[in-house]
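Each chain is listed here by its residues.
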Amino acid sequence: AGYPIAIDGPSGSGKSTVSRQVARELGLRYLDTGAMYRAAAWAAQRAGVELTDEPAVTAVVRAMKLEMPLDPDQQVISCEGEDITAAIRAPELSRVVSQVAVNLEVRAELIARQRAIIAAHPDIVVEGRDITSVVAPDAPTKILLTASEATRLARRAREVRGSVAPAALAATRAEVSERDAKDSTVASFLEDRDGVVTIDSSQMSIADVVAAVRALAQG
Ligand code: C5P
């Protein structure tokens, strides 16, 4: 095994927390590709284009001045000179980002930028939905992080609402299933392939998953 380390998984799989921690512990860089799709949606909205207008969105994304941080401990994201770190996590943005992610021209643009970053910094942990299959299929360490639906739901509820009470779970369930349904149209990202190790984190602590990823990368 070795670097880069490619990690894919659905929301709530623990992929961001695990990826950042692995990068920290191994002294590697870290790239959050989901944040790039979020930035693309933000840029399109800021430019005032309809997210369904694919050519217009593509033009905005191709011209987008996006600076992605690669330090796992400094994740300030800047787009068109603005700090968009908080804005791209807003629930309203989370709801529309998949509209931009289904645009294949947008994907081609962001994939090219991701590959350029990986080529310049191969000592990196890259997380997303299509990293093991499309962006870096030749990465020596490829991991698909999964978790049961109940686990993912509880993690999201705690993250977004700070609670796993029944009302918080119910509200989160609707959001999670809506986003999963939209993301499933973005094709076969989650399909298991040769050389991809699946880790089901449902019954594992974050520390256990981090240790498993480290063992794979260093094995
Ligand atoms: O990982 P995160 O939840 O921030 O990703 C936001 C959205 O970006 C996902 O729901 C998905 O629609 C899209 N995405 C993608 N390909 C990636 C990473 C994210 O399509 N590699």
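Description of the structure in this document. (Residues numbered from 1 in each chain as written. Predicted model: local features only at pLDDT ≥ 70, side-chain atom pairs only at ≥ 80, totals over all residues. Heavy atoms only, no water.)

## Structural notes on the nonpolar core
Under the convention used in this document: Nonpolar cores are built from buried Ala, Val, Leu, Ile, Met, Phe, Trp, Tyr and Cys residues. Side-chain atoms within 4.5 Å join them into one set. Burial classification: accessible surface area is computed with a 1.4 Å probe over protein chains only, and a residue below 20% of its type maximum counts as buried, one above 50% as exposed, and the rest as partly exposed. Only DSSP runs of H or I covering at least 4 residues are called helices, and only runs of E covering at least 2 are called strands; the numbering of each starts at the N terminus. Here, two residues are considered to be in contact whenever any of their heavy atoms come within 4.5 Å of each other.
Counting residues in each nonpolar core, the largest one holds 40 residues, and the members touching the most others are Leu31, Met64, Leu66 and Leu110. For this core, the secondary-structure elements that each account for two or more residues are helix H2 (33-46), helix H3 (54-63), helix H4 (91-101), helix H5 (104-120), strand E6 (124-128) and helix H6 (131-135). Take this core: its biggest share by element is nine residues, from H2. Setting aside anything within four residues of it in sequence, one finds Met64 in contact with Ala39, Ala40, Ala43, Cys79, Glu80, Leu110 and Arg113. Ranked by size, the runner-up nonpolar core spans 16 residues in total, among them Val22, Leu28, Val125 and Val209.

## As for the site of the ligand
Rules: For this description, a residue counts as near a given molecule or strand if any of its non-hydrogen atoms is within 4 Å of it. Here a polar contact is recorded for every N or O atom pair within 3.5 Å, except that within protein the pair must consist of a potential hydrogen donor and a potential acceptor, and residues adjacent in sequence are included only if both atoms are side-chain atoms. Using a 1.4 Å probe, accessible areas were evaluated by the Shrake-Rupley method; residue-level cover was limited to the displayed protein chains. Residue type decides the class: Asp, Glu, Lys and Arg count as charged, Ala, Val, Leu, Ile, Met, Phe, Trp, Tyr, Cys and Pro as nonpolar, and the leftover types, Gly among them, as polar.
Taken together, 15 residues lie near the ligand, and Arg38, Arg107, Asp130, Arg179 and Asp183 sit nearest. Arg107 is positioned with one of its side-chain polar atoms (N or O) 2.7 Å from an oxygen atom of the ligand. Between a nitrogen atom of the ligand and a main-chain N or O atom of Arg129, the distance comes to 3.1 Å. Coverage of the ligand by the protein chains reaches 96% of its 460 Å² of free accessible surface. Tallying contributions element by element places H2 first for the shell around the ligand, with four residues. Taken together, the residues that form the shell around the ligand break down as three nonpolar, four polar and eight charged.

## Quick look at H4
Taken residue by residue, H4 has Leu93, Ser94, Val96, Val97, Ser98, Val100 and Ala101 as its buried positions. Considering only its buried residues, H4 is in contact with H2, H3, H5 and helix H8 (166-184).

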